[in-house]
Amino acid sequence: MAQEIEQSTDLAAELDAFLARHGDELIEFRRDLHAHPELANAEHRTTRRVALRLAAAGLRPVILPKGTGLLVVIGTLDEQDAYTDRPVVALRADLDALPMADEKDVPYRSTVPDACHACGHDVHTTVLLGTGLYLAQQAAAGSLPGRVRLVFQPAEEAASGALDVLAAGGLASVGRIFALHCDPRLDAGQLGVRSGPITAACDRIQVRVSGPGGHTARPHLTVDLVYALGKIITEVPAALSRRVDPRSSLSLVWGRVSAGTVANAIPDSGIVEGTVRCLDDEAWHRVPDLLKDLIDSVASGYGLTTEFTYQRSVPPTINDQGSVAMLSAAALDVLGAGSVVQTPQSLGGEDFAWYLESIPGALARLGTRVPGSTVSLDIHQPTFDVDERAIGVGVKAMVATAINALWDDGAIVAQPLPGVTGA
Ligand SMILES: [Zn+2]
Ligand SMILES: [Zn+2]
């Protein structure tokens, strides 16, 4: 125990020394990405810049098959690799910007019309780059206790980049994965953590209904489509809330309805659309079939024909308790008391959730608010910006978390740790 404490004290000091040397470079790197944002699946320049910097540090990045996004393993040795039987720890950042104008007045403002790093992915990318540079030094010195894979993922905002990483085998041999996401409601210097659901599923549902149509004087001779559509609108959400565990926070809310053109004619078609949000993974998997049954049962009572479309987005992000504990302990060690706080659940979506469908891991919030600031910013706003001290905080937290997870997960392998002979 005493040895562990000594180790983390050393780590904090080493990280401070590393950031004293590389902090300015990282801020420059982030500002360059910020000035040159690229939308989902078009992150070519960003991918190249990250790959070149990693290669300059002696690493061998691999670009993903579609040409944007990259993976790099740190701590690979050779066929004699002491760690081949051990799970790899993955750290993930996302590369893409949002299709909106940058309305800030700063020197690093976006130079691309209608593209802006308003979700902080430039910060995530820079944090992961800095983390990689530090870990590469450790690996070269023979003091990294395992392998770490950096996942620079494209297209988070399109909710598809994580699936591309998975399809490319990006999580092969990975035992645990971690990520940070900017949070302007937390001060720079703080991390927000939560076990269990931290972001929600948000899917889209569309119901098209049809019938013969007719005169409003004779609803019994046709299908009273508007009335029946109203029944679907009110009864399906009500029935849903009685068929699913209330703790899953499942909600179906309609956002659009349309039917008919005139007061005295029953229309022959109509449409209603809405979103389904959910914090529970099991309920999320069940909900499409359940909704179809409920809609069909209401519609059949009125002779209505329905066509149901359910558009999946991302699952809820369910943080693993053990991973959250590793991340929290590691961050506390290197950032100090008061740096780790509980964060509330968000009903926003995050495609990091796809990774956690198959392996344990955790997403934490990286505070980006200038301490003491009364300006309330939010992500996805055209004026979103960060306190850049968050970059160093993120590097410290990611490095410490990776090392902590390597030690913890390594300990479950029933073989002695072989000496590392160098890369
Ligand atoms: Zn976003
Ligand atoms: Zn984001």
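All chains use their own residue numbering, which begins from 1 and follows the written sequence. All chains are assigned letters beginning with A, and all ligands numbers beginning with 1, in the order in which they are written. Confidence filtering applies because this is a predicted model: local features only for residues at pLDDT of at least 70, side-chain atom pairs given and counted only at 80 or more, and all residues used for totals across whole chains, interfaces and linings. Side-chain descriptors were evaluated using all non-hydrogen atoms of the structure, hydrogens and water having been removed beforehand.

In the first shell of the zinc ion (ligand 1), the protein supplies C119 (SG), E157 (OE) and H380 (NE2), at 2.0 to 2.2 Å from the metal. Written as a sequence motif, the donor residues of the zinc ion (ligand 1) are C-x37-E-x222-H. Donor atoms (N, O, S) are those found within 2.8 Å of the metal centre, with the cutoff raised to 3.2 Å for Na, K and Ca; water is not part of the atom list, so apparent gaps in a site can occur. A separation of 3.1 Å is found between the zinc ion (ligand 1) and the zinc ion (ligand 2), which share C119 as a coordinating residue. You can see C119 sitting in the loop between β3 (88-94) and α3 (121-140) and its partner H380 sitting in the loop between β16 (361-369) and α9 (389-410), a full 261 residues away along the chain. Exposure is judged per residue with a 1.4 Å probe applied to protein chains only, and the accessible area is read against the type maximum: over 50% gives exposed, under 20% gives buried, and values in between give partly exposed. Residue C119 is classed as buried on the basis of its relative accessible area of 5%. Here a helix means four or more residues in a row that DSSP labels H or I, a strand means two or more in a row labelled E, and each is numbered from the N terminus.

Count 3.6 residues to each turn of an α-helix, and residues three or four apart come out pointing the same way. In this model, α3 (20 residues) spans 28 Å end to end at C-alpha, consistent with the 28 Å of a helix rising 1.5 Å per residue. Of all 20 residues in α3, 18 are buried, a share of seventy percent or more. Trailing α3 by a residue or two, G142 shows a phi angle of about 75°, which is positive. Multiplying 1.5 Å by the residue count of a helix minus one yields the expected span of that helix.

Summarising the metal site, the zinc ion (ligand 2) is bound by the protein donors C119 (SG), H121 (NE2) and H181 (NE2), whose distances to it range over 2.1 to 2.4 Å. Expressed as a motif, the donor residue spacing for the zinc ion (ligand 2) is C-x1-H-x59-H.

We treat two strands as partners when DSSP finds at least two bridges between them. In spatial order, the strands read β1-β2-β4-β3-β5-β16-β6-β15; together these 8 strands make up an open sheet with mixed pairing. Two strands close off the open sheet at either side, each with one partner strand: β1 (62-63) and β15 (340-342). Pairing analysis gives 3 bridges linking strand β6 (residues 191-193) to β15, with the strands arranged parallel. Across the sheet, residue V193 finds its bridge partner in β15, namely Q342. Two residues form a contact once any of their heavy atoms are found within 4.5 Å. Axis geometry follows a simple rule: fit a line to the C-alpha atoms, using only the stretch in contact for helices, then measure angles between N-to-C directions, giving values from 0 to 180 degrees. Across the sheet, α3 is in contact with β2 (70-74), β3, β4 (148-153), β5 (174-187) and β16; its angle to β3 comes to roughly 150°. Along the sheet face, α9 touches β3, β4, β5, β6 and β16 and points at about 155° away from the line of β5.

With 13 residues, helix α2 (residues 44-56) ought to run about 18 Å at 1.5 Å a step, and its terminal C-alpha atoms sit 18 Å apart, in line with that. Of all the residues in α2, the buried ones are T46, T47, V50, A51 and L54. One face of α2 carries all of its buried residues, which in axial projection span an arc of 125°. Opposite the packed face of α2, turned more than 90 degrees from it, sit the exposed residues R48, L52 and A56. Where α2 terminates, the next one or two residues include G58, which has phi positive at roughly 90°. By arc we mean the arc of the directions from the helix axis to the C-beta atoms, nothing more.

Interhelical geometry of helix α5 (residues 225-243) versus helix α6 (residues 281-300) gives an angle of 135° and a closest axis separation of 10 Å. As summarised for this structure, α5 and α6 are arranged oblique, according to the angle between their axes. Between α5 and α6 lies a crossing of right-handed hand. Within the contact between the two elements, α5 uses K231, I232, E235, V236, A239, L240 and R243 and α6 uses R286, V287, L290, L291, L294, I295, V298 and A299. To sort the angles, those under 35 degrees are grouped as roughly parallel, those over 145 as roughly antiparallel, those from 65 to 115 as roughly perpendicular, and the leftovers as oblique. What makes a crossing left-handed is the near helix being turned counterclockwise from the far one by less than a right angle; a clockwise turn instead makes it right-handed.

Next up on the list: the packing of aromatic side chains. Each pair of aromatic rings taken from Phe, Tyr and Trp, with Trp reduced to its six-membered ring, is defined by centres within 6.5 Å and is described as stacked if the planes are under 30 degrees apart, edge-to-face if over 60, and tilted in the remaining cases. The final tally for this structure, using the stated rule, is 5 aromatic pairs. For the pair Y227 and Y302, a centre-to-centre distance of 5.8 Å together with 65° between the ring planes defines the contact as edge-to-face. Remark: Y302 occurs in the loop between α6 and β13 (305-311) and Y227 occurs in helix α5; sequence separation between them is 75 residues. Residue classification places Y227 among the partly exposed positions, given a relative accessible area of 46%. Throughout this description, the term charge over a ring refers to an Arg CZ or Lys NZ atom that lies within 6 Å of the ring centre and within 35 degrees of the ring normal. Here the guanidinium or amino end of R312 rests over the ring plane of W284, the centre of that ring lying 3.7 Å away.

The antiparallel open sheet is built from 4 strands, whose spatial order is β10-β12-β8-β13. Bordering the open sheet on either side are β10 (251-259) and β13, each of which pairs with just one other strand. The mean inter-strand angle of the sheet, taken between neighbouring strand axes irrespective of direction, is 15°. Note that strand β8 (residues 201-210) and strand β12 (residues 269-278) share 10 bridges and pair antiparallel. Looking at the pairing, D203 lines up with V276 of β12. Lying over the sheet, α5 contacts β8, β10, β12 and β13, oriented at roughly 175° with respect to β10. Against the sheet, α6 touches β8, β10, β12 and β13, its axis set at about 165° to β13.

What follows concerns the environment of T125. Looking at where T125 falls in the secondary structure, it is placed in helix α3. On a C-alpha basis, the gap between T125 and I403 in space is 19 Å, while along the polypeptide they are 278 residues apart. Residue contacts for T125: discarding those within four places in its chain leaves L33, V50, A93, D94, L95 and F152. Nitrogen and oxygen atoms within 3.5 Å of one another constitute a polar contact, given that in protein one can donate a hydrogen and the other can accept it, and given that sequence-neighbouring residues count only through two side-chain atoms. Within polar-contact distance, the side chain of T125 engages the backbone oxygen of D94 at 3.0 Å. Within the local environment of T125, its side chain forms a polar contact with the backbone oxygen of H121, the two atoms lying 2.8 Å apart.

Glancing now at the confidence of the model for the protein chain. As a general rule, the predicted coordinates of low-pLDDT regions are not to be interpreted in detail. In this model, the protein chain carries a mean pLDDT of 92, and residues with pLDDT of at least 70 account for 93%. Confidence per residue, as judged by the predictor, is encoded in pLDDT with a range of 0 to 100. Throughout residues 1-8 the model reports pLDDT below 50, and contacts reaching past four residues in sequence, or to other chains, amount to 2 contacts. Low pLDDT, under 50, characterises residues 412-423; the predicted model gives this stretch 13 contacts beyond four residues in sequence or across chains.

What follows covers the side chain of Q138. On the secondary structure map, Q138 appears in helix α3. If near-sequence neighbours (up to four positions away) are discounted, Q138 is found in contact with E14, S143 and L144.

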